[in-house]
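Remarks on the overall topology
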Amino acid sequence: MYDYDLLVVGSANADLVIGVERRPGAGETVLGSDLAVHPGGKGANQAVAAARLGARTALLARVGDDAHGRLLLDSQRKAGVDTVGVLVGGAPTGVALITVDPSGDNSIVVSPGANGRLTPQDVSAAGCLFQSSRVVSAQLEIPLETVVEVVRNLAPGSRFVLNPSPPRPLPQEVLAACDPLIVNEHEAKVILGDSAVGDTPEDWARILLAKGPKSVVVTLGARGALVASAREVARVAAVPVDAVDTTGAGDAFTAALAFRLGAGEPLAEAAAYAARVGAVTVTRQGAQASFPTAAEVASRGGAR
């Protein structure tokens, strides 16, 4: 019996968000809206998104002993996330500088801060969390050596989900543990590197699978997603919506997918549910504030 449906190991940032008519070019200054501060970071976002959907969720992360850190801890607890694994101190809380244009597209620059101090030793010390978790999810806004240690601490029978963002080449040990590896087009091409052959998501997924993951999901924005494993390659339809803000949508997708996989759903079904969660998310402003409950997803024509 697992105490947690999902353990998220990753980043926690304060999102500093400014709306702009258009994003500036090199050397250019543009005026924007008033500054808004929201709890964010890919790890913290995934934990809140999963908890809102009803998953028993824990977060392993590091924040600073500052106002941004307190904001992040409060947001996690309000969503129902167990914060026993959130470490405090060592550096200022990470910050993401985000601009959002009228179409809802965003550009993000991240100052890792305390996220860069989440060490392999911190992971090893949290062994009880890994033993208690059905699924473990990670991203790459923390040191890569820490993600390697996550893989080494997985409990027998648990499942590892990785969204390699921001993307970088991955060691074989990490790739082999992924089930699935979740990438968008840009992330797929970075990880494939010189192996990138072909122009279709099916091509990318096939080559990625050959590198070791047990399964792969390629997210395609308005074109939906593609899931691939040794057993199937299938497209998942997008859910048409009018996007307001795409911030956090990928994190909501990953969290929903990980939760449903842990509940025993097949990959394609779990991805279809995750697409519905992501579709609701982009119709609202912000990251964590935009994540829906299971009831809200169902009311949009979704879940059982």
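Everything that follows concerns the structure shown earlier in this document.
As the structure is a computational prediction, the values presented were derived from the model and not from experiment. (Residues numbered from 1 in each chain as written. Predicted model: local features only at pLDDT ≥ 70, side-chain atom pairs only at ≥ 80, totals over all residues. Heavy atoms only, no water.)

Let's shift gears to the sheet that holds strand 3 (residues 36-40). In space, the four strands of this open sheet follow the order 3-2-6-7, with mixed pairing throughout. Unpaired on one side and paired on the other, strand 3 and strand 7 (106-111) mark the two borders of the sheet. The sheet shows a mean angle of 25° between the axes of neighbouring strands, direction not considered. The pairing of strand 2 (residues 13-19) with strand 3 spans five bridges and is antiparallel. Within strand 3, the position partnered with Val-17 by the bridge is Ala-36. The strands touched by helix 2 (residues 67-79) are strand 2, strand 3 and strand 6 (94-100); relative to strand 3, the strand with the most contacts, the crossing angle is about 55°. (Pairing = 2+ DSSP bridges. Helix = DSSP H or I, 4+ residues; strand = E, 2+ residues; numbered from the N terminus. Axes fitted to C-alpha atoms, helices over the stretch in contact; angles between N-to-C directions. Contact = heavy atoms within 4.5 Å.)

On to the packing of helix 1 (residues 42-52) against helix 2. Geometrically, a packed helix pair is captured by the angle between its two axes and the distance between the axes. Close contact between helix 1 and helix 2 brings their axes to 9 Å; oriented N to C, the two are set at 20°. On the basis of the axis angle, helix 1 is roughly parallel to helix 2. In terms of crossing hand, the pair formed by helix 1 and helix 2 is left-handed. Contacts from Ala-44, Ala-47, Val-48 and Ala-51 of helix 1 reach helix 2 at Leu-72, Ser-75, Gln-76 and Ala-79. The class makeup of the residues in the contact of helix 1 with helix 2 is six nonpolar, two polar and no charged. (Parallel < 35°, antiparallel > 145°, perpendicular 65-115°, else oblique. Left-handed = near helix turned anticlockwise from the far one by under 90°. Nonpolar A, V, L, I, M, F, W, Y, C, P; charged D, E, K, R; others polar.)

With the rule as written, the count across this model stands at 14 salt bridges. With its nearest N and O atoms 3.0 Å apart, the salt bridge here joins Asp-5 to Arg-56. Residue Asp-5 is found in strand 1 (residues 4-9), and its partner Arg-56 is found in the loop between helix 1 and strand 4 (57-63); the two are separated by 51 residues along the sequence. We classify Arg-56 as partly exposed; its relative accessible area is 31%. Across the salt bridge formed by Arg-284 and Glu-296, the nearest N and O atoms sit 3.4 Å from each other. With Arg-284 in the loop between helix 10 (267-281) and helix 11 (294-299) and Glu-296 in helix 11, this residue pair connects regions lying 12 residues apart in the sequence. Members of the salt-bridge network, linked through shared partners, are Glu-185, Lys-189 and Arg-223. (Salt bridge = Lys/Arg side-chain N within 4 Å of Asp/Glu carboxyl O. Buried < 20%, exposed > 50% of the residue type's maximum accessible area, 1.4 Å probe, protein only.)

On to the side chain of Thr-146, then. Note on placement: Thr-146 falls in helix 5 (residues 144-152). In this structure Thr-146 comes out as buried when scored by relative accessible area, which is 0%. At 2.6 Å, the side chain of Thr-146 and the backbone oxygen of Leu-118 are in polar contact. Non-local contacts of Thr-146, meaning those with residues more than four positions away in its chain, are made with Leu-118, Thr-119, Pro-120 and Val-123. (Polar contact = N/O pair within 3.5 Å; in protein donor to acceptor, adjacent residues only side chain to side chain.)

Turning our attention to the environment of Asp-179. By secondary structure assignment, the location of Asp-179 is in strand 10 (residues 178-183). Setting aside chain neighbours within four positions, we find Asp-179 in contact with Arg-159, Phe-160, Val-161, Lys-214, Ser-215 and Leu-261. Separated by 2.7 Å, the side chains of Asp-179 and Ser-215 make a polar contact.

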